[in-house]
Amino acid sequence: MEFVSLLNTPPIRRIREFGALRLLRRLHRVTHRLPVQLRPVERKRILVVAPHMDDDVIGPGGTLALHRRLGSEISVVFCAGGASPEDDRTRKEESRQAAAYMGFERVEWLDFPTGAMALHEPGIGARLAELLRDIAPDQVFCPFVSDHHRDHTAAAMGVAEALTLTGWSGDVWCYEIWSPLWPNVAVDITDVVDVKRHAIDLYASQVKGLHYTDGALGLNRYRALRVYVPYAEAFYVANAAQFVKISRQMNTV
């Protein structure tokens with residue numbers, strides 16, 4: 001307890017925050033100097049960690065559609081439940097319909113409280129660790145830790161905890177939802193953009209009030225400009241150790 005208290009003293013906190021900001025600036029400089037690599041999709045076993053029921057297709061939906069064309073095995077886990085029992089039932093039914101349309105083999109729900117996932121990061125990490133051991137994916141998809149939504153950040157931190165608990169050593173593909181990230185990889189989704197559009201629209205309760213479909217595809221259209229294709233999804237891809245380090249450092253800012 002004395003050690004924990006020492007870590008939270010103002011001088012130590014300033015040192016930790018300074019270190020995190022240095023990493024943040026360094027990551028920003030490095031990723032902006034490097035070209036975004038247009039990478040083809042390869043057949044893999046994939047675990048998609050989605051904070052909410054719809055983030056699975058709003059973020060990497062086009063890339064996942066390309067994976068299914070190649071026969072990749074895709075499992076999706078939703079971290080948050082609905083805001084009410086009725087909302088939970090509605091959104092789970094929508095997520096089942098979207099999963100069936102996309103061809104996902106497995107769908108799981110962790111049912112942590114939406115809007116308050118930051119209070120449950122160790123629990124999220126423990127549950128995700130169980131899935132990592134069970135599914136043994138080649139790649140993990142999750143939000144970037146700097147995404148401007150506290151549930152999305154909590155999901156990313158849960159992934160970092162799960163990687164630490166399991167020692168899993170594959171690549172983490174960080175996708176965009178509420179805020180742009182600093183990409184080092186892009187995937188041309190032009191051939192499946194209509195698949196992504198329909199998958200998002202299957203979350204009818206969510207697109208009724210907010211134009212997620214237009215917003216997501218608009219971002220994909222913008223991301224495509226840099227790699228000279230009509231539509232692209234952008235990712236920050238890192239190996240597990242790099243992702244854990246970045247997540248822990250940035251979480252102290």
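Residues numbered from 1 in each chain as written. Predicted model: local features only at pLDDT ≥ 70, side-chain atom pairs only at ≥ 80, totals over all residues. Heavy atoms only, no water.

### Re the pattern of salt bridges
Reasoning step 1: Counted according to the given criterion, the structure contains 12 salt bridges.
Reasoning step 2: Measuring nitrogen to oxygen at the nearest pair gives 3.5 Å for the salt bridge that ties glutamate 73 to arginine 45. With a gap of 28 residues between them, glutamate 73 in strand E3 (residues 73–80) and arginine 45 in strand E2 (residues 45–50) connect regions that are remote in the sequence.
Reasoning step 3: Its relative accessible area of 31% is what places arginine 45 among the partly exposed residues.
Reasoning step 4: Across the salt bridge formed by lysine 92 and aspartate 111, the nearest N and O atoms sit 2.9 Å from each other. Here lysine 92, found in helix H5 (residues 85–102), pairs with aspartate 111, found in strand E4 (residues 106–112); they are 19 residues apart in sequence, far enough to count as distant.
Reasoning step 5: Residue class for lysine 92 comes out buried when judged on its relative accessible area of 12%.
Reasoning step 6: Classification of aspartate 111 by relative accessible area gives partly exposed; the value is 41%.
Reasoning step 7: Linked through salt bridges whose partners overlap, the residues forming this network are Asp88, Lys92 and Asp111. (Salt bridge = Lys/Arg side-chain N within 4 Å of Asp/Glu carboxyl O. Helix = DSSP H or I, 4+ residues; strand = E, 2+ residues; numbered from the N terminus. Buried < 20%, exposed > 50% of the residue type's maximum accessible area, 1.4 Å probe, protein only.)

### Some points on the nonpolar core
If you look at soluble globular proteins, the nonpolar side chains tend to sit buried side by side.
Reasoning step 1: Counting residues in hydrophobic clusters, the biggest one holds 37 residues, and the most contacted among them are Val49, Met117, Leu128, Val159, Leu163 and Phe243.
Reasoning step 2: Counting residues per element, this core draws most heavily on helix H7 (residues 150–166), at 8 residues.
Reasoning step 3: Those residues in contact with leucine 163 that sit more than four places away from it in its chain are Leu132, Trp168, Val172, Ala240, Phe243 and Val244.
Reasoning step 4: Counting residues in hydrophobic clusters, the runner-up holds 34 residues, among them Ala65, Val207, Ala216 and Phe235. (Core = buried A, V, L, I, M, F, W, Y, C linked by side-chain atoms within 4.5 Å. Contact = heavy atoms within 4.5 Å.)

### A look at the pairing of E4
Reasoning step 1: Taken together, the 5 bridges between E3 and E4 define a ladder with parallel strand orientation. Each residue of the ladder has a partner; that of valine 77, found in E4, is glutamate 108. (Pairing = 2+ DSSP bridges.)

### Concerning the layout of surface pockets
A probe as big as a water molecule, rolled over the atoms, marks out the empty space that is left.
Reasoning step 1: Here the second largest pocket defines a volume of roughly 260 Å³.
Reasoning step 2: Along the walls of the second largest pocket sit 18 residues, with Ile58, Ile177, Tyr212, Gly215 and Ala216 positioned nearest its centre.
Reasoning step 3: Breaking the lining of the second largest pocket down by element, the ones donating at least two residues are helix H10 (212–225) and strand E8 (232–239).
Reasoning step 4: With 5 residues, H10 is the largest single contributor of residues to the lining of the second largest pocket. (1 Å grid on protein atoms, 1.4 Å probe; cavity = no way out; pocket = protein on both sides within 12 Å on 5 of 7 lines; lining within 4 Å. Points joined across faces, edges and corners; volume = space filled by probe spheres on them.)

### Considering helix H11 (residues 240–250)
Reasoning step 1: Buried within H11 we find Ala240, Phe243, Val244, Ile246, Ser247 and Met250. Taken around the axis of H11, the buried residues stretch over an arc of 170 degrees, which confines them to a single face. Of the exposed residues in H11, those oriented more than 90 degrees away from the buried face are Ala241 and Lys245. (Arc of directions from axis to C-beta.)

### A few points about the sheet that holds E3
Reasoning step 1: Judged by pairing direction, the sheet is mixed, and its 8 strands sit side by side in the order E1-E7-E8-E6-E5-E2-E3-E4 without closing on themselves. The open sheet has two edge strands, strand E1 (37–38) and E4, and neither has a second partner.
Reasoning step 2: Strand contacts of H5: E3 and E4, with the helix running at about 160 degrees to E4, the strand carrying the most contacts.
Reasoning step 3: On the sheet, helix H6 (residues 121–135) packs against E2, E3, E4 and strand E5 (139–143) and is oriented at approximately 165 degrees with respect to E4. (Axes fitted to C-alpha atoms, helices over the stretch in contact; angles between N-to-C directions.)

### As for the packing of aromatic side chains
Reasoning step 1: Following the criterion strictly, the structure yields 7 aromatic pairs and no others.
Reasoning step 2: Taken together, a centroid distance of 6.4 Å and an interplanar angle of 65 degrees make the contact between phenylalanine 144 and tryptophan 182 edge-to-face. In this pair, phenylalanine 144 sits in the loop between E5 and H7 while tryptophan 182 sits in the loop between strand E6 (171–175) and strand E7 (185–188), placing the two residues 38 residues apart along the sequence.
Reasoning step 3: Of the aromatic side chains, those joined through ring pairs into one cluster are Phe141, Trp173 and Phe235. (Phe/Tyr/Trp six-rings, centres within 6.5 Å; stacked < 30°, edge-to-face > 60°.)

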